[in-house]
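# A look at the structure
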Amino acid sequence: MSHAIVLVKQVPDVSKITDNAFDPETGNLMRANLPCVVNELDVQALAFAARMQALQTGSGGRILVLTMGPPAAEEALRFCLARGADQAVLLSDRLLGGADTWATANPLAYAIRRIQRDLLDGSSDVYVVAGMQSVDGDTAQVPAQVAEELQVPCVAYATDVERVDDRLRFTRIISGGRQIVAPLRMPAVITVASYAFPLYPTVARTRWAQRAEVVRWGAADVQARSIGSKGSKTTVIRVFPPPKTSRRCEDARDAAGLARALETSRQVTNAPTARSNRRYVLPRHRADPLDRSFEGLEKQVQAFKDLARILRDRGATDLASIPTDVREQVHGELDASVGKAAVEGMMQNLSQVDPSYRGDVWVVAEEQGGEIHPATFELIGKARDLADSLGVKVGTVLAGSGVADHARPLIEAGADTVHLLDDPRLSPFDPGFHRKVVSAAILRHEPQIVLFAATPQGRVLAPMVSYRCECGLTADCTGLDILDNTRRGEVGILHQTRPALGGNVMATICTRGSRSQMATARPGVMQRLPPDPARTGEVFHEPVDLQEDDRHMEILFTEVGTAHVNFDADVIVSGGRGLGSREAYERLVGDLSGALARRFGVTVERGASRAAVEEGFSDRSHQVGQTGTAVGPKIYVALGISGAIQHMIGVANSQTIVAVNRDPQAPILKQCDYYLVGSVEQIVPEVVRVLEGENP
């Protein structure tokens, strides 16, 4: 008799975000001014849970929904009750406000324990089901961290479920493929990546849902150990609108215009983004002891310039003991613009020259099918930059079976040390095994920064490792910089910048109260360094302590694309679900690829969206996107691809993006350089005819 506890969240409606949603003074998002909806992936998770229950006909299992939020979040619960949930629990308390993912997962896990005990008669035959991520955070951290707190298996990125031999088996996304797995014990956490069979309310059910009793608990009712802002491991420094897109977003008008755009794009060579020439320098190594130009906010940099001017004018050279009269003058000039407490913190910590963290910069390498994931090498390149700023080494940790041969390429990519965790049980990837050995290595060596790739594997492993190590974690970073926050006594800390709210907002975040600063970074965002065969480094074989109880799931089937694919081609032509069939994919993508190769004399490769691969249009080896391969061709052509964020992450490094889509509201049309709205079936043959018959 399996029960399901579905985690749901009420989130801002990202489709309603405009420039007016931001505070003009601070740049912060004014959430109270936005309408709220139930997180779409959580709605899909509810439908997924209903399917799980239907497969266990006659089991007597129940579906409960749980949310943590303000009293208004009760609306989200009644929404779920109207769509089939049997009971709802609202965890609401002012003390829970301001929580990061750590301080969200912890009370949710404690609430789940109480639901098991008080509402499910102590049953352990429970699935905790949640959307892969919420649109406001996009972190994918909370479900995995709930699993780590509960010490239960976690099956991430589920897309389907079936019942075989009286147990449920789940199809899940892995990098470049899929697996069918079954959790080895209960309870178990299941995160849903997509499920396209929505539930609809009836009139009678809706009326019942409005009258149904909602169980309400506060912080004292669950007795969690980490709650609210005080229990959080990260803090947001600032929230600001994203920079305006550099894409042209130009309507090509017709097939001839699209052909001309392709010709123009072929001739344009965009130089790679230059690395900043201004690398962070620790205060003790700066020529001027008053130089505080590496503060996180521009207003802080200016405040320290003003402070330095006053100190120089008064001849105050002993920064550890500023005379009383000088302090009074500083307060007199700066309190109004900076704030008295901030000014006091500036003076108090001005003499601090040592970094707040110690240890090396580590990258958790990812290996699959005998190859290191390309994102690992990108992260090593970034780690090299961070470590050189701090004067420390770059380390990598690699867990797998027979992985010794990978040490040399990691060193050539920029690593100084390679820590190998080698055991037959570490291949293929199982989150239970990997999170245990990787966490143990991190706790043993205490690196100050740990970076993971934001791949399907990294996005389940990183939250579990960070929770196990009691460290903060920032997900899907697009920027990582070493900066100071001197007035708070923080020197040489990692500023982690990431998009949120579906890319409508950018946030800069710092870790607090942790041994290590941890982050995941999107594939294709950081730059890989050219391999250096002359580099030397040290290889360490770390101890591996595993028991069979650490395993999370039985892997029943794995499918990974094996066809040879040249994603280094000049042009990639990709097809999506909008093409409708495998025959249309083969014909339209194939015809356009051939025409481009003949017309321009360039290398062309075929790609596909995840949806197209799951529909059987193309082999998984051709899958492009966050869950496939990140690419950066000179021209990327998207045919019938809507432009979901996971896909656009994987093509962001393309010099030119060209899209053809029948939906004028498709997100990709706002993230491309040239587009044409209309039927792919009609437009592609016309473009091919222009390319082959006339000069564009």
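Okay, so let's go over this structure. Every value quoted in this text rests on a predicted model; they were computed, and no experiment measured them.

### Quick word on unusual backbone geometry
Of the consecutive residues methionine 186 and proline 187, the connecting peptide bond is found in the cis state with omega at -5°. Structurally, proline 187 is set in the loop between strand 9 (177-183) and strand 10 (188-192). Cis peptide bonds are those with omega within 30 degrees of zero, and the linkage from serine 427 to proline 428 qualifies with 0°. Mapped onto the elements of the fold, proline 428 is located in the loop between strand 18 (417-422) and helix 13 (431-445). For tyrosine 157, which is not a glycine, the phi torsion comes out positive at approximately 65°. Position of tyrosine 157 among the secondary structure elements: in strand 7 (residues 154-164). For tyrosine 157, a relative accessible area of 5% gives the class buried.

### Topic: the pattern of salt bridges
Within this structure, the stated rule accounts for 47 salt bridges. For glutamate 559, the salt bridge is made with arginine 178, and the minimal N-O distance between the two is 2.8 Å. With a gap of 381 residues between them, glutamate 559 in strand 26 (residues 553-560) and arginine 178 in strand 9 connect regions that are remote in the sequence. Owing to a relative accessible area of 24%, arginine 178 belongs among the partly exposed residues under this scheme. Here arginine 286 ties to aspartate 484 by a salt bridge, and the two come within 2.7 Å at their closest N and O atoms. One end of the pair, arginine 286, is in the loop between helix 7 (255-267) and helix 8 (298-313); the other, aspartate 484, is in strand 21 (residues 479-485), and 198 residues separate them in sequence. For arginine 286, a relative accessible area of 9% corresponds to the buried category. Connected through salt bridges with shared partners, the residues Arg279, Lys382, Arg384, Asp385, Asp388, Asp416 and Arg535 form a single ionic network.

### Looking at the side chain of aspartate 42
Inspection of the secondary structure assignment puts aspartate 42 in helix 1 (residues 40-54). A polar side-chain atom of aspartate 42 sits 3.1 Å from the main-chain amide nitrogen of glycine 131. With residues up to four places along the chain from it excluded, the contact list for aspartate 42 reads Val6, Leu7, Val8, Lys9, Ala130 and Gly131.

### Quick notes on the sheet that holds strand 6 (residues 126-131)
With respect to topology, 10 strands assemble into an open sheet ordered 11-5-4-1-6-10-7-8-9-26, the strand pairing being mixed. In this open sheet, the two strands that pair with only one neighbour each are strand 11 (214-217) and strand 26. Averaged over all adjacent pairs, the angle separating strand axes in this sheet is 30°, with direction ignored. Relative to strand 8 (residues 167-174), strand 7 runs antiparallel, the two being bridged by six bridges. Each bridged residue has a counterpart across the sheet, and for valine 164 the counterpart in strand 8 is arginine 167. Packing against the sheet, helix 1 makes contact with strand 1 (3-7), strand 4 (63-68), strand 6, strand 7, strand 8 and strand 10, and its axis sits at approximately 150° to strand 6. Against the sheet, helix 2 (residues 74-81) makes contact with strand 4, strand 5 (87-91) and strand 11, and its axis sits at roughly 165° relative to strand 5, the strand it touches most.

### What about helix 1?
If you check helix 1, its first and last C-alpha atoms are 21 Å apart, about what 15 residues at 1.5 Å a residue would give, namely 21 Å. Burial runs high along helix 1: 11 of the 15 residues are buried. Among the residues of helix 1, those classed as buried are Leu41, Asp42, Val43, Gln44, Ala45, Leu46, Ala47, Phe48, Ala49, Met52 and Gln53.

Rules behind the numbers
- Residues numbered from 1 in each chain as written.
- Predicted model: local features only at pLDDT ≥ 70, side-chain atom pairs only at ≥ 80, totals over all residues.
- Heavy atoms only, no water.
- Helix = DSSP H or I, 4+ residues; strand = E, 2+ residues; numbered from the N terminus.
- Buried < 20%, exposed > 50% of the residue type's maximum accessible area, 1.4 Å probe, protein only.
- Salt bridge = Lys/Arg side-chain N within 4 Å of Asp/Glu carboxyl O.
- Polar contact = N/O pair within 3.5 Å; in protein donor to acceptor, adjacent residues only side chain to side chain.
- Contact = heavy atoms within 4.5 Å.
- Pairing = 2+ DSSP bridges.
- Axes fitted to C-alpha atoms, helices over the stretch in contact; angles between N-to-C directions.
- Expected span 1.5 Å × (residues − 1).

Any functional reading would require information beyond the geometric quantities listed.
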